[in-house]
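Read off the chains here:
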There are 4 protein chains.
Amino acid sequence: MGKTATLLISCPDTKGIVAEITGFIAGNGGNIIHADQHIDFQKKTFFMRIEWELQGFKIPDSEIGRAFSPIAEKFKMDWELHFSDEVKRVAIFVSKHDHCLYELLYRFKAGDFPGGELALVISNHLDHKGLVESFGIPFYHFPITKETKREVEEKEVELLQREEVDLIVLARYMQILSDWFVNQYRNRIINIHHSFLPAFVGAKPYHRAYERGVKIIGATSHYVTEELDQGPIIEQDVVRVSHRDSVEDMIKKGRDLEKLVLARAVKWHLENKILVYDNKTVIFD
Amino acid sequence: MGKTATLLISCPDTKGIVAEITGFIAGNGGNIIHADQHIDFQKKTFFMRIEWELQGFKIPDSEIGRAFSPIAEKFKMDWELHFSDEVKRVAIFVSKHDHCLYELLYRFKAGDFPGGELALVISNHLDHKGLVESFGIPFYHFPITKETKREVEEKEVELLQREEVDLIVLARYMQILSDWFVNQYRNRIINIHHSFLPAFVGAKPYHRAYERGVKIIGATSHYVTEELDQGPIIEQDVVRVSHRDSVEDMIKKGRDLEKLVLARAVKWHLENKILVYDNKTVIFD
Amino acid sequence: MGKTATLLISCPDTKGIVAEITGFIAGNGGNIIHADQHIDFQKKTFFMRIEWELQGFKIPDSEIGRAFSPIAEKFKMDWELHFSDEVKRVAIFVSKHDHCLYELLYRFKAGDFPGGELALVISNHLDHKGLVESFGIPFYHFPITKETKREVEEKEVELLQREEVDLIVLARYMQILSDWFVNQYRNRIINIHHSFLPAFVGAKPYHRAYERGVKIIGATSHYVTEELDQGPIIEQDVVRVSHRDSVEDMIKKGRDLEKLVLARAVKWHLENKILVYDNKTVIFD
Amino acid sequence: MGKTATLLISCPDTKGIVAEITGFIAGNGGNIIHADQHIDFQKKTFFMRIEWELQGFKIPDSEIGRAFSPIAEKFKMDWELHFSDEVKRVAIFVSKHDHCLYELLYRFKAGDFPGGELALVISNHLDHKGLVESFGIPFYHFPITKETKREVEEKEVELLQREEVDLIVLARYMQILSDWFVNQYRNRIINIHHSFLPAFVGAKPYHRAYERGVKIIGATSHYVTEELDQGPIIEQDVVRVSHRDSVEDMIKKGRDLEKLVLARAVKWHLENKILVYDNKTVIFD
């Protein structure tokens, strides 16, 4: 398949949106290869993801946005335009736990994330320097304390900007980002929380799951917002536990969930399949 | 929400299909509330399910099909047009096992299948006459032997036609329908098979699952074709088993799967969400 | 298989417990057909479920408890002794939602609960009188208001005692039982909560799940304690949802979970497979 | 917890086995910390896994087997005795696909397999030499053709014996081992098959799953026997697919299953939790 363009759209629901969008694409010679649409009837909001082949499309890539603008304005759309040859630059933040880091390193290397390239890894510890560099990825050590937090975050943001990072993945990063940091990467920071949100927000979820005697544990990937573990949920998954599982067993079982649930979220983000609205996500498949 | 129309379409993939269809609907004042589209790139086949509100639509319901025909012909479409106030008449066939029958009787009564009404139940045994009639549903007893098979099937088809039955659900019906019968209700007979197809085609799947020592068992709902358990799969689900599960335990666990997997298939069929092609199904959600 | 006896035991962990118990059984000619044991190393607590055939057992049934007492005292055991021909009498409490009631009525009738018999159904509404009585089960109507609560509960308990009810199943019963009531049936009242506890304790869990944008919803069966939705969890299960699912869709998907998760809990309770300790459950399989 | 011993036992079912075994352990001062027992009533076979602390046990480790022999003979037991400080030496065989190899390398390094150590990796290709050696694991290249098969296998077995390998893991190894090879490592070769056995035995299971239009795909880990994909199943798991999933999508989704399903099998084998009988497995938990 050749190069494609993708529009991600949300706007107040009204008549004729689909026809107008598809008319714009087809009228200019584009072949729609994927269209998915959704209406939230409660919020009266319209969502669409539409992808078309650019071969034979009459409008040059650099002009498509401008050409689409009148339609976007007419329907008061929030919209994004992406091209299939875009490559988002990704930074991973990690602390001591390495299972998610390892999974992501492997997947980038294996070609599982065609829409992304791993630019760098940042850690507040030195433990994984060797691992990261063995994959040929630059590793940056930013130790952090309460006192140095703002200063360190400013250095991190400076680095992220210099490296033109588009997406930050918190792969079990045990520091809470400041509002200042989060605001600069709204809907572009993905975290993995080791519980089935909204159960067990915050610290030590497996210990609390054990104490409560649940029969299923879970993991949740979500975009980071100012409120801890309250951001838009991207993906969740679960696994059965029983009275035989100690906290340590739960932690081990949970790891297998965490790395897969995080990897799916990263994949969908890089494929431009996620729309955020109202602190929730629409995941186009 | 008011009355809606739904088009189910499959055709060779080419440029401009989506735009033409949505243009037809919007150009006549229809408000698209659901559009889902899929392309099988291997088979170069295009699929679409599109639903729109009829309020304000300029073409009267009875003329929509004719008005759409030129587009259908242009793209060589297989297509169906449905209205949201259609009610499909359903017949359940059952033998001795009653868990699927009971589930369906409950769901029809509970209003879970708004697009269908239960017209009648046919059985080769008398066991469930009382149950069926307690739900106010006519029960027909058609005992069947090898010798009488064709004759009985003719009577059944006569009844089904007289009662204008659109969909036949085999709720653990232990007779194999003849090709003659199947051909009259192509893609309109849903069966539940008590295994994870294509594993354990045919008789006694739980016994064979037990013998093989599988760790997961399943159930499969599918449209009936001439070849036993080879029809297009609609839905499947599974449940874990262990060495502790005897054949009887598997049968019990399987029952809970069977009734849910069958009910989902019936629901989707009645909601016109299933497209059959190439002995497979596209399930629009 | 002939009649069996089952011991359910919990006690402080120490050396020699298993040997002493199995020695008691085998030394008296009992054939152990199932033994399952568990140690909570954190709490240093020992748990066991052991079942043996009574044919050839030298101690008469009525004497087994007394004969076992010295061992129980030696190890400071909490213990229960059950026989396979025991039949627990069950009462179902229900309000307006009928899916769990239906499921349980069907299962009792289908012989899925060999260790129990359905004694009666109590409801604060009259809606399901006909359904219950069509199964030949006595239906009692106890309307309830804030003012009459204690008085009504007293009448209910009187009825339950007269009918020698052992287990109460709240099949979507929308009244909160008083502490007074709960205390008389400790670990003998099973509730189904329509969320994945501890997420969404209390009212309208599906609405809150929808608002939060979760990707998986669940159901939880648990023993009722004084604290709302805080009792020992018996079983949980989950199902995927997406942005396409409205609250109503979640409610429908949830129903299928609720009825199965509740039925499993009732089954295990009736099979004497549940041990409660520390506000958690050990489920022997 | 200190050092423990574990007995794995299967024998014809008869009275008094549990009591005799637990009496042997407790009578010699052993503290039983885990006992799990199962009876296959169809085959009249008894199974047990029992683990006890060796601290204070009167019989020295090296004498336990001899001391237990009379009991084993009396009940005609197949039995194994393991100690918790045993370390099984593991060899991984791999071809081109590296996702299972990666997962296992990571888990050995992360300490997920305390009962095993990775001795070496054998491949018929050179692709993963660098990866394996970066983990400090010896890599052996054994290219193989139809003509050289027996000769190469002999060299492999020679290496395995020299390196005292106990367990062979086929991590998507695309060569079929000869009966001669398999016979030397009965119940000690674990394979991952990329389908839900017994569906899609043999080559290209994802392609065939796609063709058949299944709604769920799976992976199966099993011990290798002479018959292809017919050995005792250890673990299986599944994931949902839809019409939207191409063969390539299925392959990607399947990879995540394969590596986890294989890792679980290796873990349980190394923890001596698997008993094989009658071409099936008992998995003690």
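Since the model is a prediction, treat every value here as computed from it, not as a measurement.

Digging into the relation of the copies chain D and chain B
No. 1: With an RMSD of 0.0 Å, chain D superimposes on chain B once it is rotated by 180 degrees and translated 0.0 Å along the axis. The operation mapping one copy onto its partner corresponds to a two-fold rotation axis. Across chain D, the smallest distance between a C-alpha and the rotation axis is recorded for A199(D), namely 2.2 Å.
No. 2: Of all interface residues in chain D, 97% are interface residues in chain B too; the two copies therefore contact each other through one and the same surface.

Comments concerning the sheet that holds strand 10 (residues 216-223) of chain C
Hydrogen bonds between backbone atoms are what pair the strands of a sheet, whose relative direction is either parallel or antiparallel.
All names here are of chain C.
No. 1: With respect to topology, seven strands assemble into an open sheet ordered 7-6-5-8-9-10-11, the strand pairing being mixed. Either end of the sheet is taken by a strand with one partner, and the two such strands are strand 7 (139-141) and strand 11 (233-240). Sheet twist, expressed as the average angle between the axes of neighbouring strands with direction ignored, equals 20 degrees.
No. 2: Examined bridge by bridge, strand 6 (residues 116-123) and strand 7 share three bridges and lie parallel to one another. Across the sheet, V121 pairs through a bridge with F139, a residue of strand 7.
No. 3: Lying over the sheet, helix 5 (residues 149-162) contacts strand 5 (88-94), strand 6, strand 7 and strand 8 (167-170), oriented at roughly 160 degrees with respect to strand 6.

Quick notes on unusual backbone geometry
Residues and elements named next belong to chain C.
No. 1: With an omega of 5 degrees, the peptide bond between L197 and P198 qualifies as cis.
No. 2: Take P198: it is sitting in the loop between strand 9 (189-193) and helix 7 (205-212).
No. 3: One non-glycine residue, E164, adopts positive backbone phi at about 50 degrees.
No. 4: Structurally, E164 can be placed in the loop between helix 5 and strand 8.
No. 5: Exposure remark for E164: the relative accessible area of 57% places this residue in the exposed category.

Brief notes about the domain arrangement of chain A
Much of the literature gives interface size as the accessible area that the parts lose upon coming together.
Residues and elements named next belong to chain A.
No. 1: The assigned domain composition of chain A is domain 1 (4-83) and domain 2 (88-283).
No. 2: Taken together, the contact pairs ten residues of domain 1 with nine residues of domain 2.
No. 3: When domain 1 packs against domain 2, the two sides together hide about 820 Å² of surface, and 61% of this comes from carbon and sulfur.
No. 4: Here domain 1 is connected to domain 2 by one salt bridge.
No. 5: K43 serves as the salt-bridge partner of D278, at 3.0 Å between the closest nitrogen and oxygen.
No. 6: Put simply, domain 1 and domain 2 have five residue pairs in polar contact (both at pLDDT 80 or more) between them.
No. 7: Of all elements in the fold, only strand 1 (4-12), strand 2 (31-40) and strand 3 (45-53) reach the threshold of two or more residues within the side of domain 1 that touches domain 2.

What about the packing of aromatic side chains?
Given two aromatic rings, one states the distance between the centres and the angle between the planes to describe the pair.
No. 1: This model, assessed by the stated rule, comprises 50 aromatic pairs over all chains.
No. 2: Look at F108(C) and F113(C): their rings are 4.8 Å apart centre to centre, the planes differ by 65 degrees, and that puts the pair in the edge-to-face class.
No. 3: Ring centres of F68(D) and W79(D) lie 5.3 Å apart, and the angle between their planes is 65 degrees; this geometry places the pair in the edge-to-face category. With a gap of eleven residues between them, F68(D) in helix 2 (residues 61-74) and W79(D) in strand 4 (residues 78-83) connect regions that are remote in the sequence.
No. 4: Residue classification places F68(D) among the buried positions, given a relative accessible area of 1%.
No. 5: Take W79(D): its relative accessible area is 30%, and that puts it in the partly exposed class.
No. 6: Above the plane of the ring of W180(D) lies R150(D), whose end atom (NZ or CZ) is 4.2 Å from the centre.

So, the interface of chain D and chain B
No. 1: Listed per partner, the contact involves 37 residues of chain D and 36 residues of chain B.
No. 2: Together chain D and chain B conceal approximately 3200 Å² of surface at their shared face, both sides included; 47% is due to carbon and sulfur atoms.
No. 3: Together, R212(D), K215(D) and H243(D) form the three largest contributors to the area buried by chain D at its contact with chain B, with a combined 22%.
No. 4: Our count for the contact surface shared by chain D and chain B stands at six salt bridges.

Remarks on the relation of the copies chain A and chain C
In this arrangement, two copies of a chain are superimposed by a rotation about an axis accompanied by a shift along the axis.
No. 1: Here chain A sits on chain C after a turn of 180 degrees about the axis and a move of 0.0 Å along it, with an RMSD of 0.0 Å.
No. 2: Both copies present the same face, since 97% of the interface residues in chain A are matched by interface residues at the equivalent positions in chain C.

Looking at helix 7 of chain C
No. 1: Along helix 7 of chain C, the residues classified as buried are P205(C), Y206(C), A209(C), Y210(C) and R212(C). Within helix 7 of chain C, the buried residues cover an arc of 165 degrees as seen down the axis, which keeps them to one side.
No. 2: Buried positions along helix 7 of chain C lie against strand 2, strand 11 (233-240) and strand 13 (280-283) of chain A together with strand 9, strand 10 and helix 8 (247-270) of chain C.
No. 3: At the exit of helix 7 of chain C stands G213(C), carrying a positive phi of roughly 75 degrees.

Focus: the interface of chain A and chain C
No. 1: Each partner contributes residues to the interface: chain A has 37 residues there, and chain C has 36 residues.
No. 2: Between chain A and chain C lies a buried interface of about 3200 Å² when both sides are counted; carbon and sulfur atoms form 48% of it.
No. 3: Taking the shortest distance from any N to any O, the salt bridge between R244(C) and D36(A) comes out at 2.4 Å.
No. 4: Seen at the junction of chain A and chain C, the total is 28 residue pairs in polar contact (both at pLDDT 80 or more).
No. 5: For the side of chain A that touches chain C, the elements supplying multiple residues, two or more each, are strand 2, helix 7 (205-212), strand 11, helix 8 (247-270) and strand 13 of chain A.
No. 6: In terms of residue count, the dominant contributor to the side of chain A that touches chain C is strand 11 of chain A (seven residues).
No. 7: Taken together, the residues of the side of chain A that touches chain C break down into 14 nonpolar, ten polar and 13 charged.

Concerning the environment of Q161(A)
Residue and element names in this part refer to chain A.
No. 1: Mapped onto the elements, Q161 comes out in helix 5 (residues 149-162).
No. 2: Classification of Q161 by relative accessible area gives partly exposed; the value is 49%.
No. 3: Residues Q161 and R186 lie 25 residues apart in sequence; the distance between their C-alpha atoms is 14 Å.
No. 4: Among residues more than four places away in sequence, those in contact with Q161 are Q184 and Y185.

Regarding the environment of G254(C)
Residues and elements named next belong to chain C.
No. 1: Its place among the elements puts G254 in helix 8.
No. 2: It is 39 Å that separates the C-alpha atoms of G254 and G2, two residues lying 252 residues apart in sequence.
No. 3: Look past the residues within four positions of G254 in its chain and what remains in contact with it is Y206 and I217.

Quick notes on the sheet that holds strand 8 (residues 167-170) of chain A
All names here are of chain A.
No. 1: Taken together, seven strands build an open sheet; the order of strands is 7-6-5-8-9-10-11 and the sheet is mixed. For this open sheet the edge positions go to strand 7 (139-141) and strand 11, each flanked by a neighbour on one side alone. Between one strand axis and the next, the sheet turns through 20 degrees on average, direction left out of account.

Structural notes on the pattern of salt bridges
No. 1: Per the counting criterion, the structure on display carries 120 salt bridges over all chains.
No. 2: Residues K267(B) and E271(B) are paired through a salt bridge, measuring 2.9 Å at the closest nitrogen-oxygen approach.
No. 3: Among the salt bridges present, the one from R150(D) reaches E154(D), with a minimum N-O distance of 3.0 Å. With R150(D) and E154(D) both in helix 5 (residues 149-162), this residue pair falls four residues apart, about one helical turn.
No. 4: Residue R150(D) is classed as partly exposed on the basis of its relative accessible area of 43%.
No. 5: Taken together, the shared-partner salt bridges in this structure form one network comprising E103(A), R107(A), D112(A), R255(A), D256(A), K259(A), E103(D), R107(D), D112(D), R255(D), D256(D) and K259(D).

Scoring rules and cut-offs
Each chain carries its own residue numbering, running from 1 in the written order of its sequence. Here the convention is simple: chains get letters from A, ligands get numbers from 1, in the order in which they are written. Restriction of local features to residues with pLDDT of at least 70 applies here, the model being predicted, together with a cutoff of 80 or more for giving and counting side-chain atom pairs; totals for whole chains, interfaces and linings are based on all residues. Hydrogen atoms and water are omitted, and side-chain values are computed over all heavy atoms in the structure. Least-squares fitting of one copy onto the other uses the C-alpha atoms of those residues that reach a pLDDT of at least 70 in both copies. Any two residues having at least one pair of non-hydrogen atoms within 4.5 Å are treated as being in contact. Here, a strand pair is defined by DSSP locating no fewer than two bridges between the strands. In this description a helix means any DSSP run of H or I spanning at least four residues, a strand means any run of E spanning at least two, and both kinds are numbered starting from the N terminus. All axes are obtained by fitting lines to C-alpha atoms, using only the stretch in contact for helices, and the reported angles, taken between N-to-C directions, cover 0 to 180 degrees. Only protein chains enter the area calculation, which uses a 1.4 Å probe; residues under 20% of their type maximum are buried, those over 50% are exposed, and those in between are partly exposed. Where each domain starts and ends comes from a domain assignment, either automatic or drawn from a database. Accessible surface is computed with a 1.4 Å probe, and the buried area is the amount of it that two parts give up when combined, taken over both parts together. Each salt bridge in this description consists of a side-chain nitrogen of Lys or Arg and a carboxyl oxygen of Asp or Glu lying within 4 Å of one another. Here a polar contact is taken to be a pair of N or O atoms separated by no more than 3.5 Å, where protein atoms must pair a possible hydrogen donor with a possible acceptor and residues adjacent in sequence count only if both atoms sit in side chains. Pairing of aromatic side chains here covers Phe, Tyr and the six-membered ring of Trp, requires ring centres within 6.5 Å, and sorts the geometry by plane angle: under 30 degrees stacked, over 60 edge-to-face, intermediate tilted. Consider the ring centre and the ring normal. A charge sits over the ring if Lys NZ or Arg CZ is within 6 Å of that centre and within 35 degrees of that normal. An arc is given here, and it is the one of the directions from the helix axis to the C-beta atoms. Three classes are used, and their members are as follows: Ala, Val, Leu, Ile, Met, Phe, Trp, Tyr, Cys and Pro are nonpolar, Asp, Glu, Lys and Arg are charged, and the others, Gly among them, are polar.

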